[in-house]
Amino acid sequence: MESAWYYYKYRRFIKWLGIYLAIAGPGIIVMVADNDAGGITTYAATGAKFGFNLIWLLVLLGPVAYVVQEMTVRLGAVTKRGHAEAIFDAFGPFWGWFSLIDLGFLDFLTMVTEFIGMTAALQIFGVPPILTIIGVSILMISIFVHGRYWTWEKIVLLFCVLNLIYIPAALLVHPQISDIFKGLIPSIPSTGFTGDFFMFFMANIGTTIAPWMIFFQQSSVVDKGMTEKDIPFGKFDTAVGAFFTVVVAIACVILTGMLLFKPGGVDIESAAEAAIVINGSYPIVGTALAIGLFDAGLLGAMCISLASSWAMGEVFGWAHSLNKKVSEAPMFYAFYFLSLIFAGIVVLIPRAPLVLITLFVQVIAVTLLPAALVFLLLLLNNEEMMGKYKNTLMQNIWGFLIVISIIIVSTLYALSAIFPEMFK
Amino acid sequence: MSSDNIENYQETKNMVEHVDEISEKGRISSVLKRWRTAIHNINKKYSKPRLKMTPLVKVSLLALRLYLILLVIILSYKFYTMVM
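Note that the structure is predicted; figures quoted are calculated from it, not measured.

Tell me about the overall build of chain B, residues and numbers included.
Assigned secondary structure in chain B consists of two helices and zero strands. At 27 Å, chain B has a C-alpha radius of gyration far larger than the 12 Å of a compact globule built from 84 residues. Considered along the principal axes of its C-alpha atoms, chain B spans approximately 85 × 45 × 10 Å. Looking at chain B as a whole, 12% of its 84 residues qualify as buried. Surface exposure of chain B reaches about 7,300 Å², of which carbon and sulfur atoms provide 65%. Distance from the positive charge centre (14 side chains) to the negative charge centre (7 side chains) of chain B: 37 Å.

Below you can see the structure in the form of structure tokens.
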């Protein structure tokens, strides 16, 4: 009798796993791609500057990202609309155009930063930037034109697995478990609550939620054809993604915390710089850091460009599904290809203001992020639209607290980018 | 080639160039017209916001507007101080 019960449980679990594996994708992809080139640079710099002292913050940021992204799963599955179209529909053309134009501009600039990360990573192996740009563009286009969402998603999931390279790399440097546990306890470094600490604190929160993530996951849920009954699986998928994001971020901090950190902190400008320095003494770890940086940039570029293309397709009424062939959705694919090619060209322009572009991304993000988050909360509270899937009181309390905190911190971070002396 | 032929040739060449120019302008204007129509249709399609304008929605949208205006003022100030 007992064995029959276990067998029943086992069969149920296998069935559940089968459904989950079919639905898994959008949540994991968006969360892992959140650790893009900019994110990896932030984590590498955090480890070099503060050692393991900020690991607790990264752990807290996992649930924060989950709470926001979970809302996009419900919104996409119930309304069958992407975020751009949902904003136009619910708030009218003014907020719609504002969001669409801001998203297009911001995504393009963020793509430039992803290309900067990729070229810097491959330069460590002696690959010239022009070859990287051409190679990456061909790779991204060939992944994109299969005419099947499923194929695109599974290929991108493979790149997500490659992003986990930081975990074995962190194990290779033999960190003390007791030190990691100490880092899990919320604390301020021995140097005190300095301007630098506040800057890194804000930068880590700033990398957790980007506007493209909201647009990407909602459109992805719609393109995949997820319905209301798939919501629990979509939520689980997002939670799995959030878990891996946090683990990769911690692994990255452990790497530079172990190999670069000295009392008082070490300043590094980019993850590529960290990889070069580490390469001298630990070639395998340095190589892993560079490969991870390239992969992070690639994942970011693939998702960000797609987020813009989906948004444009939704609003302009173009065919905009990865399940369509190039001939069936020419404008959708043309927008994707052109944004990709132009972002690559910008990186190759001699003396292009790349530092300024990176700075600009932070500033422009802060014009769109509050709007996108507020719209998300308002839409999730609309009973007519969401029915029984609207936010509960607890979801609203958490959502409201998180949205307000993200808006305040990201605004302060952008202000610190505009006025560098502000928190010194 | 006689001078008449040269003149005819030049005239024909000018005419072809002129037609090309007109058709190029025509193509550009037709593309612009198509975009304008598309934008007009989008504005018309979404002219009435579906979300009910409850006090909460109104306050949220007002707060967003004020926030954006403040950001624009800060950015303008930064730009002004940089230029000056």
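Please set out the overall build of chain A residue by residue, giving values where relevant.
A count of helical and extended segments in chain A gives 19 helices and zero strands. For a compact globule of 424 residues, the expected C-alpha radius of gyration is about 22 Å, and chain A comes in at 21 Å, within 12% of that figure. Looking at the 424 residues of chain A, the share that counts as buried comes to 58%. Across chain A, the fraction of contacts at a sequence separation of at least 24, relative to all contacts at a separation of at least 6, is 84%. Taken as a whole, chain A presents about 17,100 Å² of accessible surface, with 72% of it coming from carbon and sulfur. Averaged over its 21 positive side-chain charges, chain A has a centre that lies 9 Å from the centre of its 25 negative ones.

Just give me the short version of the interface of chain B and chain A, but keep the residues and values in it.
By a widely used convention, the size of an interface equals the accessible area lost when the partners come together. Residue-level contacts link 24 residues of chain B with 33 residues of chain A. Together, B:Tyr46, B:Arg50 and B:Leu51 form the three largest contributors to the area buried by chain B at its contact with chain A, with a combined 28%. Between chain B and chain A we count one salt bridge in total. Its salt-bridge partner being A:Asp89, residue B:Arg50 comes within 3.1 Å of it at the nearest N-O pair. At the boundary of chain B and chain A, one finds four residue pairs in polar contact (both at pLDDT 80 or more). When residues of the side of chain B that touches chain A are traced back to their parent elements, those giving at least two are α1 (3-45) and α2 (55-83) of chain B.

Describe the side chain of A:Glu114, and please don't skip the residues or the numbers.
Residues and elements named next belong to chain A. By the element assignment, Glu-114 lies in helix α6 (residues 93-123). Despite its burial, Glu-114 pairs with no opposite charge, the nearest such side chain being Lys-224 at 22 Å. In contact with Glu-114, not counting residues within four places along its chain, are Asp-36, Ala-37, Ala-296, Gly-297, Gly-300, Ala-301 and Ile-304.

Lay out the domain arrangement of chain B with the relevant residues and their values.
According to the domain assignment, chain B contains domain 1 (1-48) and domain 2 (50-84). Using C-alpha coordinates to define each centre, domain 1 of chain B is positioned 41 Å away from domain 2 of chain B.

Could you give an account of the packing of helix α7 (residues 129-144) of chain A against helix α16 (residues 330-348) of chain A, with specific residues and numbers?
Residue and element names in this part refer to chain A. Packing of α7 against α16 leaves a shortest axis separation of 10 Å and a crossing angle of 170°. It follows that α7 is roughly antiparallel to α16 by the angle criterion. Crossing of α7 over α16 shows right-handed handedness. Residues Pro-129, Ile-130, Ile-133, Ser-137, Met-140, Ile-141 and Phe-144 of α7 form the contact with α16, whose participating residues are Phe-332, Tyr-333, Tyr-336, Phe-337, Leu-340, Gly-344, Val-347 and Leu-348. Residue composition of the contact of α7 with α16, by class: 13 nonpolar, two polar and no charged.

Requested: an account of the pattern of salt bridges, with residues and values cited.
A complete count under the given rule lists eleven salt bridges over all chains for this structure. A:Lys224 serves as the salt-bridge partner of A:Glu153, at 2.7 Å between the closest nitrogen and oxygen. Separated by 71 residues along the polypeptide, A:Glu153 in helix α8 (residues 149-162) and A:Lys224 in helix α12 (residues 211-224) bring together distant segments of the chain. Grouping residues by exposure puts A:Glu153 and A:Lys224 together as buried. Connected through shared salt-bridge partners, A:Arg81, A:Glu85, A:Asp89 and B:Arg50 make up one network.

Lay out the packing of helix α15 (residues 283-316) of chain A against α16(A) in plain terms, naming residues and giving numbers.
All names here are of chain A. Closest axis-to-axis distance for the α15/α16 pair is 9 Å, and the angle between their directions is 140°. Classified by the angle their axes make, α15 and α16 are oblique. The two elements α15 and α16 cross, and the hand of that crossing is right-handed. Note on element contacts: α16 touches α15 through Phe-332, Phe-335, Tyr-336 and Ser-339, opposite Met-302, Ser-305, Leu-306, Ser-308, Ser-309, Trp-310 and Met-312. Looking at the contact of α15 with α16 residue by residue, the class counts come to seven nonpolar, four polar and no charged.

Here is what the cut-offs are and how they apply
- Residues numbered from 1 in each chain as written.
- Chains lettered and ligands numbered in written order.
- Predicted model: local features only at pLDDT ≥ 70, side-chain atom pairs only at ≥ 80, totals over all residues.
- Heavy atoms only, no water.
- Helix = DSSP H or I, 4+ residues; strand = E, 2+ residues; numbered from the N terminus.
- Rg over C-alpha atoms; globule rule 2.2 N^0.38 Å.
- Buried < 20%, exposed > 50% of the residue type's maximum accessible area, 1.4 Å probe, protein only.
- Areas by Shrake-Rupley, 256 points an atom, 1.4 Å probe, with all protein chains shown as cover.
- Lys, Arg positive; Asp, Glu negative; His and termini not counted.
- Charge placed at Lys NZ, Arg CZ, Asp CG, Glu CD.
- Contact = heavy atoms within 4.5 Å.
- Buried area = accessible area lost by both parts, 1.4 Å probe.
- Salt bridge = Lys/Arg side-chain N within 4 Å of Asp/Glu carboxyl O.
- Polar contact = N/O pair within 3.5 Å; in protein donor to acceptor, adjacent residues only side chain to side chain.
- Domains from an automatic or database assignment.
- Axes fitted to C-alpha atoms, helices over the stretch in contact; angles between N-to-C directions.
- Parallel < 35°, antiparallel > 145°, perpendicular 65-115°, else oblique.
- Left-handed = near helix turned anticlockwise from the far one by under 90°.
- Nonpolar A, V, L, I, M, F, W, Y, C, P; charged D, E, K, R; others polar.

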